[in-house]
Amino acid sequence: MGAGAAGLRGSRLSAEERANSSKSRAIDRILSKDHSNDMNRFKILLLGTSECGKSTIFKQMRVLHMDGFSKEDSYEYLSIIHANCMEALTQLLEACDAFHIYHDLSVKEDVDRFRDFKRKLKDPEGLVIPVVIGRCMDRIWQSTSVQNCFETRRFSFALLDSAKYFLDNIVRLTEDVYVPTAQDIVHCRISTSGINEIAFNYKKMDFRMVDVGGQRTERRKWIHCFDNVDMVLFVVSISDYDQLDPEDCRMNRLRQSYEIFKTIVQSDLFRHASIVLFLNKYDIFLDKLPNSPLRRSFSSYDGDNSPNDCRDYIKKQFRRCINNRHKFFSFETNATDTTNLDLVFGSAVAHIVSENLRSAGLQE
Ligand SMILES: Nc1nc2c(ncn2[C@@H]2O[C@H](COP(=O)(O)OP(=O)(O)OP(=O)(O)O)[C@@H](O)[C@H]2O)c(=O)[nH]1
Ligand SMILES: [Mg+2]
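Residues numbered from 1 in each chain as written. Chains lettered and ligands numbered in written order. Predicted model: local features only at pLDDT ≥ 70, side-chain atom pairs only at ≥ 80, totals over all residues. Heavy atoms only, no water.

1. Brief notes about the overall build of the protein
So the rule is basically this: Labels follow the DSSP assignment, with helices taken as runs of H or I lasting at least four residues and strands as runs of E lasting at least two, numbered in each case from the N terminus. With a 1.4 Å probe rolled over the protein chains alone, any residue whose accessible area is under 20% of its type maximum counts as buried; one over 50% counts as exposed, and the rest are partly exposed. The Shrake-Rupley method, run with a 1.4 Å probe sphere, supplies the accessible areas, and residue values consider only the shown protein chains as cover.
Scanning the protein from terminus to terminus reveals 17 helices and eight strands. Here the protein holds 364 residues, and the buried ones make up 46% of them. Accessible surface, the protein: about 19,100 Å² in total, of which carbon and sulfur atoms supply 49%.

2. Re the coordination of the magnesium ion (ligand 2)
When four donors bind a metal tetrahedrally, each ideal donor-metal-donor angle is 109.5 degrees, and when six bind octahedrally, the ideal angles are 90 or 180 degrees. So the rule is basically this: Distances define the donors: N, O and S atoms within 2.8 Å of the metal qualify, as do those within 3.2 Å of Na, K or Ca. Water is excluded, so some sites may look unfinished.
Surrounding the magnesium ion (ligand 2) are the protein donor atoms Ser55 (OG) and Thr192 (OG1), at 2.0 to 2.1 Å. Here serine 55 is found in helix H3 (residues 54-65), whereas its partner threonine 192 is found in the loop between helix H11 (182-187) and strand S2 (195-202), with 137 residues between them in sequence.

3. Considerations on the nonpolar core
Here is the rule we go by: Grouping buried Ala, Val, Leu, Ile, Met, Phe, Trp, Tyr and Cys residues that are joined through side-chain atoms within 4.5 Å yields what is termed a nonpolar core. Should any heavy atoms of two residues lie within 4.5 Å, those residues are counted as being in contact.
Membership of the largest hydrophobic core comes to 39 residues, with the highest contact counts inside it found for Ile81, Cys85, Leu92, Phe114, Met137 and Ile140. If you list the elements that add at least two residues to this core, you get helix H5 (78-98), helix H6 (105-119), helix H7 (131-142), helix H8 (144-153), helix H9 (163-168) and helix H10 (170-173). Top contributing element to this core by residue count: H5, with eleven residues. Contacts of isoleucine 140, omitting those with residues within four sequence positions, involve Leu89, Leu93, Asp110, Val111, Phe114 and Val146. By size, the runner-up hydrophobic cluster in this structure holds 37 residues, among which are Val210, Tyr258, Ile260 and Ile314.

4. Describing the side chain of glutamine 91
Where we set the bar: Nitrogen and oxygen atoms within 3.5 Å of one another constitute a polar contact, given that in protein one can donate a hydrogen and the other can accept it, and given that sequence-neighbouring residues count only through two side-chain atoms.
Residue placement: glutamine 91 occurs in helix H5. Engagement of the side chain of glutamine 91 in a polar contact is seen with the backbone oxygen of alanine 158, the distance being 3.5 Å. Not counting residues up to four positions away in its chain, the partners in contact with glutamine 91 are Phe157, Ala158, Leu159 and Leu160.

5. Considering the UniProt feature "binding site: Mg(2+)" (unreviewed entry) in the protein
Stated formally: UniProt positions are given in the numbering used here, feature names are shortened, and annotations may be inferred rather than shown by experiment.
If you check UniProt for "binding site: Mg(2+)" (unreviewed entry), the listed places come out as Ser55 and Thr192 in our numbering. Taken along the chain, the residues just named run across 138 residues; in space they keep tight, none of their C-alpha pairs more than 7.6 Å apart. Residue class for threonine 192 comes out buried when judged on its relative accessible area of 14%. Excluding anything up to four places from it in sequence, threonine 192 contacts Ser55, Asp211, Val212, Gly213 and Glu218. At 2.8 Å, the side chain of threonine 192 and the side chain of serine 55 are in polar contact.

6. Some points on the packing of H5 against H6
What counts, and what does not: Here, axes are lines fitted to C-alpha atoms. For helices the fit covers the stretch in contact, and angles between N-to-C directions go from 0 to 180 degrees. Any angle between 65 and 115 degrees counts as roughly perpendicular, while under 35 counts as roughly parallel, over 145 as roughly antiparallel, and the rest as oblique. For any helix crossing, the convention is left-handed if the near helix is rotated counterclockwise from the far helix by under a right angle, and right-handed if that rotation is clockwise. Gly is placed with the polar residues, together with every amino acid not listed as nonpolar (Ala, Val, Leu, Ile, Met, Phe, Trp, Tyr, Cys and Pro) or charged (Asp, Glu, Lys and Arg).
Two numbers describe how H5 lies on H6: the axes approach to 12 Å, and their chain directions differ by 125°. Of the possible angle classes, the one that applies to H5 and H6 is oblique. Crossing geometry of H5 relative to H6 is assigned as left-handed. Side by side, H5 and H6 meet where Met86, Leu89, Thr90, Leu93, Glu94 and Asp97 of the first sit next to Val111, Phe114, Arg115, Phe117 and Lys118 of the second. Looking at side-chain class alone, the contact of H5 with H6 contains six nonpolar, one polar and four charged residues.

7. Considering the site of ligand 1
To keep it simple, the criterion reads: Working definition: residue near molecule or strand if any one of its non-hydrogen atoms lies within 4 Å of it.
Around ligand 1 lies a shell of 26 residues, among which Lys54, Thr56, Thr192, Gly214 and Asp283 are the nearest. Within the side chain of lysine 54, an N or O atom sits 2.7 Å from an oxygen atom of ligand 1. Here histidine 187 contributes a backbone N or O atom positioned 3.1 Å from an oxygen atom of ligand 1. Compared with its free state, where it exposes 660 Å², ligand 1 has 97% of that area covered by protein. Among the elements that take part in the shell around ligand 1, H3 stands out by supplying three residues, more than any other. For the shell around ligand 1, the residue count by class is five nonpolar, 15 polar and six charged.

8. Considering the sheet that holds strand S4 (residues 231-237)
Our working rule: For two strands to be treated as a pair, DSSP must find at least two bridges joining them.
Read from one edge of the open sheet, six strands run S2-S3-S1-S4-S7-S8, paired in mixed fashion. Each of the sheet's edge strands pairs with one partner strand only, and the pair in question is S2 and strand S8 (328-332). Ignoring strand direction, the axes of neighbouring strands in this sheet form an average angle of 20°. In this sheet, S8 lies alongside strand S7 (residues 274-280) in parallel orientation, the contact comprising five bridges. Note that in S8 the partner of isoleucine 275 across the bridge is phenylalanine 328. Against the sheet, helix H16 (residues 307-320) contacts S4, S7 and S8, and its axis sits at roughly 155° relative to S8. Helix H17 (residues 338-359) contacts strand S1 (42-47), S2, strand S3 (205-212), S4, S7 and S8 of the sheet and is inclined by roughly 170° relative to S8.

9. Digging into the pattern of salt bridges
The test is simple: By convention in these notes, a salt bridge is any Lys or Arg side-chain nitrogen within 4 Å of a carboxyl oxygen on Asp or Glu.
For the structure shown, the criterion picks out 22 salt bridges. Between arginine 253 and aspartate 240 there is a salt bridge whose closest N-O contact spans 3.7 Å. Note that arginine 253 is positioned in helix H13 (residues 253-265) and aspartate 240 in the loop between S4 and strand S5 (244-245), a separation of 13 residues in sequence. Grouping residues by exposure puts arginine 253 and aspartate 240 together as buried.

10. As for a positive patch on the surface
Convention followed: Patch membership is restricted to residues that have no salt bridge and whose relative accessible area is over 30%. Joining uses 9 Å for like charges and 5 Å for the nonpolar side chains Val, Leu, Ile, Met, Phe, Trp and Tyr. The positive count covers Lys and Arg only, the negative count covers Asp and Glu only, and His and the chain ends enter neither. To locate a charge, the coordinates of NZ of Lys, CZ of Arg, CG of Asp or CD of Glu are taken.
Among the surface-exposed residues, Lys316, Arg319, Arg320 and Arg325 lie close enough to one another that they form a single positively charged patch. By the element assignment, arginine 325 lies in the loop between H16 and S8. Arginine 325 gets classed as partly exposed once you look at its relative accessible area, which sits at 41%.

Given below as structure tokens:
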């Protein structure tokens, strides 16, 4: 009986009434969030493939909207930062060997000393680089051979994104009294396993942000975070356009991101959520393009190699999968730049709030 009556009522609704009824459902959804304790927060879910920059954004939110990192928390990052420094220099030295870039005799001595230190390391987990090795690493990094390798070959081999940042600062980072700064922490790389969550207040709104791991094994856990998501913040490393997926070397890394994005945004689970796309590592993308034209990796691209045209082409592919374009916003970002993230996050939130009010009929 109920179903029949509803069906009859439904058939008599005018277009305006239907629109009002959908407005009222939208308002109900907004209000119902206010009634349950844990849900009166705007939930943002960070998604994207490995190394695209999700945790960097997550850490920036702590810097911008929470108290940053306590001294104890900062110390937790010391070994990871030192491990990043070791890895970056090792990658550069291996590249020098591979590209037959030879070192001066004095640099060679430092390289031997660095390699010897690395070989004798007993506990890479609790790694602390001694001051003398820090100075030795600095001399190697400043050498003509390594600088030459970095300047001319850095996009031809796997190198940590923050290699330059860490090696430029290696003397400070290996001082006895060193405590990692917020910027050091933002630049450091450790892959996420499991699910991390923070809560903060911004512009009088309560936010919950959830960070997950992007590696293949971690993606299986994403489903546990899919409830009540208000905004999917999908992060793509746009500088991946010429790289292969390390977990499936037949697949272009940007295409892999695109396939995951498509599955997420077309899922019924997110039909009410806003979708924000961050085209991240835009700084690396700009540096890389002249060395690696987009057309070389995407043969269907027939524009010129200007950054704007290349970016628009990539953006268009992602935008094509979106059904409700009113709730989709995209931005170019450099997640390691706190000022840039502050501006972009503020802008994304303003767009989303305004669109939610508009779709609830509370704003023109
Ligand atoms: N230059 C540059 N480096 C970036 C940018 N965003 C992130 N990075 C660096 O990229 C590395 C990887 O970033 P993460 O935030 O750990 O990546 P993730 O998406 O959390 O990776 P998983 O946890 O494995 O899923 C870190 O060293 C960051 O400092 C960016 O926009 N520009
Ligand atoms: Mg992470």
